[in-house]
Amino acid sequence: MPPARRIALTVLGRVLPSSKSPGQDVQAALDVALADSTLDPRDRGLATELVYGYLRLCGRLDYILAQFLKNPAAVPLAVRRILGLAAYEILHCAKVPAYASVDWAVSAVRKASGKGLSGMANAVLRRVAADPGAFEEPGFYRRDRPSEVVYLSRAFSCPEWIVSLWLGACGPDETRQHLAAQAEPAPLGLRVNRARPEAKALFDALAALPGALYAVFPTIAVPTGTDFAAAGLNLPELLASGALSRQSAAAQDVLYRLGLPEWPEPVFDACAGRGGKTLLIAEAGKRVFAADMHAPRLAGLPREAARLGLPPIPAFRASATKMALAAPAGTILLDAPCSGLGVLSRRPDAKWRRQPEDIAGLIRLQGAMLEAAYANLAPGGRLVYVTCTIHPAENEKAIDRLGGRHRDLILDSEAPAVPDPVLGETFYGAVLRKPGSCRVP
Ligand SMILES: C[S@@+](CC[C@H](N)C(=O)[O-])C[C@H]1O[C@@H](n2cnc3c(N)ncnc32)[C@H](O)[C@@H]1O
């Protein structure tokens, strides 16, 4: 089997949940598989595209293939995955000729399960390749007159429980926008290091890239696959020198929508993870310190601060549910662990790995964090709550519950979890205030 497909199938086997495993995080599984391999850069790119593309669309691909199989349930899982990956290539990888996808997949099926199924694989994939336009027709997914939830789930490759949740929470129009966004690749988000003197010139050059989707200083979004070299920009060098960082544009945008420049200092980023938002806040000229429950996630922060030419950022391991700040913070940022349903275009594994029963535990954790943060907030201080999900119980209702317990809490502003057709990702945020005036040093 060609190496990029072999790696992609191995990674998918580790990421998608099974009776034996809840499935691994896609980027972690891909990093391990690529580190073990000797793939050239082109094949690494292809393996990455196949893994992410398949995860985005596998619900829809399974449905398509099932229409051409006599008894889909009888086809072994390994064979279904090979067919699904080849169907993804045929329908979505313009650079790979369909005959090449059919060839490798038929040989792989023969190797995995014998000659009988390879004939079936050949026939099915040729039928998929014969009329790709048929799968763009809504009627293809409605032949048996399914419910709206089942139809949307098939056509947009999204589990039924998420479709139902969104229909109930935001109605049919917004649901379709969220569904369309999660079925497309997320753009490449970039953050210009505004602490650098050349920041404005670099921003202007990036904003002028053909196809640039979003450019509001210091944030840029461009389609994946944008040719930076053609515009005279050396992306690896700009990243290595600290002039630029990769960061989802929607993740940056939510902080500005929540009034970042006005947040009182110092800012305590209590769920800093690898420090994406911590570093943005530091680049914006704010004093910031950071914590996370998982120490290894914080390990790269000193290196990142040095890359960006920032002073060292104090960081420590701590649970935000047991916050005990020695000195009060002007702003406490809770970029809370959540179900991630707003960033499925970037993390498509989450829709297959998350289960509806996970939500109750997340709501409890978010509630405990909000409670602890509010208790640690100085009078006049801000509590900024952010999630990357589209789930009212983790968003507005989490704030309502906190407000129900603390009648003095003031809701300063809110960034609702509405669809973003340009950036393809949805964040929620709220800025809460404790009465009084902020007198933090
Ligand atoms: C949404 S991610 C943060 C992403 C990060 N702020 C960024 O911009 O890159 C949520 C983070 O919460 C952390 N976390 C989970 N439970 C926690 C807890 N009880 N206390 C503090 N952090 C926690 C996770 O380790 C994870 O890094």
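Residues numbered from 1 in each chain as written. Predicted model: local features only at pLDDT ≥ 70, side-chain atom pairs only at ≥ 80, totals over all residues. Heavy atoms only, no water.

Under an unreviewed UniProt entry, the protein chain has the name RNA methyltransferase RsmF and belongs to Solidesulfovibrio carbinolicus.

**Student:** Would you mind showing me how to read the overall build of the protein chain here?
**Tutor:** Helices and strands together make up the secondary structure of the protein chain, namely 17 helices and 11 strands. In summary, the protein chain has a C-alpha radius of gyration of 23 Å against a globular reference of 22 Å for 441 residues, a match within 12%. In the protein chain, once contacts between residues fewer than 6 apart in sequence are set aside, the share between residues at least 24 apart is 70%. Charge-centre separation for the protein chain: the mean point of 51 positive side chains lies 5 Å from the mean point of 42 negative side chains. (Helix = DSSP H or I, 4+ residues; strand = E, 2+ residues; numbered from the N terminus. Rg over C-alpha atoms; globule rule 2.2 N^0.38 Å. Contact = heavy atoms within 4.5 Å. Lys, Arg positive; Asp, Glu negative; His and termini not counted. Charge placed at Lys NZ, Arg CZ, Asp CG, Glu CD.)

**Student:** Just checking my understanding: could you explain the sheet that holds strand β5 (residues 267-269) for this structure?
**Tutor:** Hydrogen bonding along the main chain pairs the strands of a sheet, whether they run parallel or antiparallel. Spatially, β7-β6-β5-β8-β9-β11-β10 is the arrangement adopted by the 7 strands of the open sheet, whose pairing is mixed. Of all strands in the sheet, those with a lone pairing partner are β7 (315-317) and β10 (410-415), marking the two edges. Sheet twist, expressed as the average angle between the axes of neighbouring strands with direction ignored, equals 20 degrees. Looking at chain direction, strand β6 (residues 288-292) and β7 are connected through 3 bridges and run parallel. (Pairing = 2+ DSSP bridges. Axes fitted to C-alpha atoms, helices over the stretch in contact; angles between N-to-C directions.)

**Student:** How do you make sense of the UniProt feature "active site" (unreviewed entry) in the protein chain when you look at a structure like this?
**Tutor:** Listed under "active site" (unreviewed entry) in the UniProt record, and renumbered for this structure, are Cys-388. With respect to the element layout, Cys-388 can be found in the loop between β9 (382-387) and α17 (396-405). Residues contacting Cys-388, with those up to four places away along its chain left out, are Cys-338, Gly-340, Leu-341, Gly-342, Val-343, Thr-426 and Phe-427. (UniProt positions renumbered as here; feature names shortened; annotations may be inferred.)

**Student:** How should helix α1 (residues 3-15) be read in this particular structure?
**Tutor:** Residues that lie three or four places apart on an α-helix share one face, since the helix turns once every 3.6 residues. Between its terminal C-alpha atoms α1 stretches 18 Å, which fits the 18 Å expected from 13 residues at 1.5 Å a residue. All buried positions along α1 are accounted for by Ala-4, Arg-5, Ile-7, Ala-8, Leu-9, Val-11, Leu-12 and Val-15. (Expected span 1.5 Å × (residues − 1). Buried < 20%, exposed > 50% of the residue type's maximum accessible area, 1.4 Å probe, protein only.)

**Student:** Looking at this model, I keep getting lost on the pattern of salt bridges. Mind explaining?
**Tutor:** When their charged atoms lie close together, side chains carrying opposite charge are able to pair. For the structure shown, the criterion picks out 19 salt bridges. With a closest N to O distance of 2.9 Å, Asp-25 and Arg-347 form a salt bridge. Note that Asp-25 is positioned in the loop between α1 and α2 (26-35) and Arg-347 in the loop between β8 (331-335) and α15 (349-353), a separation of 322 residues in sequence. When the shortest N-O distance is used, the salt bridge between Arg-405 and Glu-371 registers 2.5 Å. One end of the pair, Arg-405, is in helix α17; the other, Glu-371, is in helix α16 (residues 358-376), with 34 residues separating them in the sequence. The exposure class assigned to Arg-405 is partly exposed, which follows from its relative accessible area of 45%. Owing to a relative accessible area of 26%, Glu-371 belongs among the partly exposed residues under this scheme. Several salt bridges converge on common partners, so that one network encompasses Asp-25, Arg-347, Asp-349 and Arg-353. (Salt bridge = Lys/Arg side-chain N within 4 Å of Asp/Glu carboxyl O.)

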